[in-house]
Amino acid sequence: MNALSKEVAEVTRKTGAPATTLPALEAWVAEVAALTQPDAIHWCDGSDEENEALIAKMLTDGTLLKLNERTHPGSYLHRSHPDDVARVEHLTFVCSRNRDDAGPNNPWMAPDEAHAKMDALFDGCMRGRTMYVIPYCMGPIDSPLARCGVEITDSPYVVANMRIMTRMGAAALARIEREGTERAARGERTDTFVKGLHSTGELDPNRRFIMHFPEALTIKSYGSGYGGNALLGKKCHALRIASWQAREEGWLAEHMLIVGIENPKGETRYIAAAFPSACGKTNLAMLIPPEGYRRDGWKVWTVGDDICWMRPGADGRLYAINPEAGFFGVAPGTSSKSNPNALATIQRNTIFTNVALTADGQPWWEGLDDRVPAFDWRGNAYDSSNGPAAHPNARFTVSARQCPSWTPAAENPQGVPISAIVFGGRRASLVPLVFQARDWRHGVLVGAAMGSETTAAATGQVGVMRRDPMAMKPFCGYNFADYFAHWLSFDRPGMKLPPIFHVNWFRKGADGRFLWPGFGENLRVLEWILDRAEGRAGAVETPIGHLPRADDLNLDGLDLDGAALQTLLTFDRDGWRAEFDSLGAYLDEFGARMPQALKDEHGRVVSALGG
Ligand code: SAT
Ligand code: MN
C-alpha cells in the first residue's frame, strides 16, 4: 500500500465507511484526496440513514429548506447561486487526443492542457470540506446494458440528487468491484468504470469548466453546483461519455424519452423520442390520453424522460433502457393541466431547485396555478417587477417510481423493444405536425436536420433557432459526422430497424399562438406513428417524407379549426428548398468526414424538391 492509499484507509477507518476491494478504485480515490485535500472522505452506501444525515446537515447549513410537510412531505428547496442556474455549453469541453474526433460540434481542449488546468483548480479545493465517493449504476443494476461510474464530489446536494437520479450506493459498488475482479482474472484493465470528479469550487463563472476525456472514461467538473454540470451521471456520463463508448461498442446513447403506448387490445409498443432540453420530453413521457382514448382503454407508460440507451437484440430489433432512475424535470409550466402525472409525482420526496415559495412553504412556479408566491427563487420577497418568481430553468428531482405512469418495464434488464423513433424540435414555422422518413437513411438525415429554438436549459439567448441534430448538440461526445456514420451503420442485413418520424408540436399561426393543442392530444399523432410502423395508417408521399392527411389522423372530439389543421399538415415546397440549402451548408461544415451516404441522401431530397 502506498502512502496515499494509506491515508485513504485511515480516513475510511475513522468514518467507519466501507472501503473498496478494487485496487484501481482505491488508488484513484487516494489520488483525488491527495490533490483536493478534503477534511474527511465519505463512501456513500445509498442507505436511508445516510440520506437522512446528509439532509439534516444541509438543513442546518441552509443548503436545503424544508418545504411544507403537510402538502409536500419529505421535500426540500435548494437555491443555487444566481450565476449557476443552467448548463454552460461554452465551458463544456470534449478533450479527445485528436481534435477532429471532438468535431466542430464541441469545444475542444488537448487532454494534457485540460488536465493541467483542472488539476490546478482542484488543488486543495476540498480543504474544510468532506469528499463524497458516490458509486452509481446507470441502468437496472442487473442489466447487461447498464454501465457504472463513481462520482467524487464535495457537494452533499449532489449526493442527494445522485441518490434519486441513479442506482447509487452499495449495490453499484458491488457491481463495479465484481466487474473489476472478473477483468483482473482475464488480465484486463480494471478501471473501466467512469471516473467523475466534481467540486463546486467557489461558484465563480470564470473558474468553471466541465471537461470530458472520453478515451480515459473521465470527467472533471469544477465551479458549478447546478444539475447537468454537477450530477455527472446524467449528461456527462450517460450522454457525452456513453455516446463515445456506444460508437466503439455498436450501440446508441441518445437524448430520448422512452414511452410505452398500450392500445385497447392490451398491446404495449414503445417509442423513443428525441427533443432538445425543455421541449416537453417529460410531458410526452407521462402523457394522459384524451378523454375518448381513455374511455376506449388506451394507457401510457413511462420508461424514461430524458436518456435512452439502445442496442440491437438477437432478433435485430433495437432494445432500450433508461439509464436513469429519476426525473430532473423543468418545473415552470408543469400543472394539473399540462402534466398531471408529473404533478402527482412531485408531491412528496422531491428536491426542488430554484422554484419560488408560497407564504406557507409550498413550492410554486409560473404556470402552476393562480396563487401569488411570497418569495422568488432567490429568496427575496416576491415582486413581479423583478421578473419570474421561479427561475425559468427551475427543476425538480424525483424518483421515477413515484410517477403514476411508471412501468416495471423500466427495470427490465433486457430493455424494451422500440417500435418507432421520433425526432422533434421547437419550430414556429415550416415544419409540419408530423411526417415519416421513407427509410433509415432518410431518417438519419431527418435527425441530422433537426433544428430548435434555444431554451433556458442552457445559458445564453432564448428563442434563437439553431441546428440541434437528434437533440444531441450539447451532448454528443464526438464528431457529429462520425455520429451520423454510426447511425447509418445500423442499416445492415439482419436488422429490423424501427421507422423514423419527425414531429413539431410548436408550430405557430400568424397571431403567434400555437396551432396544435399539444399535451394529451399528442397521442393522436403517436397513434398514427404506431399504425404506420405496422403498415396500417394512410399518408401522402412528399419530398420530405410521408405526411398524414386530415382523414388519416383520429381527430374525434378535438376542437381544432380547419385552417390550423391545414397549416399543420401542409408541405411548403419553397420553404423546404430554403431549409435544405441551409442544411447542405451545415453538413458541409464537417468537411470530408461527413459520410457520403448522408450527402447523397441530402442530394436526393434536393432533387425531389426540384428547382
Ligand atoms: O441540466 S441538465 O443538462 O441536466 C437538463 C437538461 O438540460 O436537459
Ligand atoms: Mn435533457
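Q: Help me understand the sheet that holds strand β3 (residues 76-78) in this model?
A: Sheets are built from strands that pair by backbone hydrogen bonding, the pairs being arranged parallel or antiparallel. Strand order in the open sheet formed by five strands is β2-β3-β18-β21-β17, and the pairing between neighbours is mixed. With partners counted over all chains shown, the strands left at the sheet margins are β2 (65-66) and β17 (326-330), one partner each. The pairing of strand β18 (residues 351-353) with strand β21 (residues 395-399) spans three bridges and is classified as antiparallel. Bridging across to β21, T353 finds its partner in R395.

Q: Could you clarify how one ought to interpret the environment of G460 in this entry?
A: Position of G460 relative to the elements: it lies in the loop between β24 (451-453) and β25 (465-467). It is 27 Å that separates the C-alpha atoms of G460 and L64, two residues lying 396 residues apart in sequence.

Q: Explain the coordination of the manganese ion (ligand 2) to me, please; I cannot follow it from the model alone.
A: Note on metal geometry: ideal angles are 109.5 degrees for four donors arranged tetrahedrally and 90 or 180 degrees for six donors arranged octahedrally. Of the protein atoms, only K235 (NZ), H255 (NE2) and D306 (OD) coordinate the manganese ion (ligand 2), at distances of 2.0 to 2.2 Å. The sequence pattern describing where the donors of the manganese ion (ligand 2) fall on their chain is K-x19-H-x50-D. Of this pair, H255 sits in the loop between β11 (252-254) and β12 (256-262) while D306 sits in the loop between β14 (299-304) and β15 (308-312), and the two are 51 residues apart along the sequence. Each member of the pair, H255 together with D306, is buried.

Q: Please clarify how the state of the cysteines should be interpreted in this entry.
A: Throughout this description, disulfide means a covalent bond between two cysteine sulfur atoms. In the structure shown here, the tally under the stated rule is zero disulfides. Lacking any disulfide linkage, C137 is separated from the closest cysteine sulfur, that of C148, by 3.8 Å. We classify C137 as buried; its relative accessible area is 0%. Lacking any disulfide linkage, C279 is separated from the closest cysteine sulfur, that of C308, by 18 Å. Residue class for C279 comes out buried when judged on its relative accessible area of 2%.

Q: I tried to follow the environment of R536 on my own but got confused; where do I start?
A: The topology assignment puts R536 in the loop between α15 (522-533) and β27 (540-542). Taking C-alpha positions, R536 is 53 Å from A185, a pair spaced 351 residues apart along the chain. Reaching out from R536, the side chain makes a polar contact with the side chain of E534 at a distance of 2.6 Å.

Q: Even after reading the chapter, I still don't get unusual backbone geometry, so can you show me in this structure?
A: For residues besides glycine, phi is generally negative; the peptide bonds are generally trans as well. One non-glycine residue, N354, adopts positive backbone phi at about 65°. Along the chain, N354 falls in the loop between β18 and β19 (356-357). In the Ramachandran plot, A471 falls in the positive-phi region, its phi being about 60° despite a non-glycine side chain. With respect to the helices, strands and loops of the structure, A471 is situated in the loop between β25 and α14 (480-488). A residue is classified by how much of its surface remains accessible, and A471, at 0% relative accessible area, is buried.

So, how was this worked out
- Residues numbered from 1 in each chain as written.
- Chains lettered and ligands numbered in written order.
- Predicted model: local features only at pLDDT ≥ 70, side-chain atom pairs only at ≥ 80, totals over all residues.
- Heavy atoms only, no water.
- Pairing = 2+ DSSP bridges.
- Helix = DSSP H or I, 4+ residues; strand = E, 2+ residues; numbered from the N terminus.
- Donors = N, O, S within 2.8 Å, 3.2 Å for Na, K, Ca; no water.
- Buried < 20%, exposed > 50% of the residue type's maximum accessible area, 1.4 Å probe, protein only.
- Disulfide = S-S within 2.5 Å.
- Polar contact = N/O pair within 3.5 Å; in protein donor to acceptor, adjacent residues only side chain to side chain.

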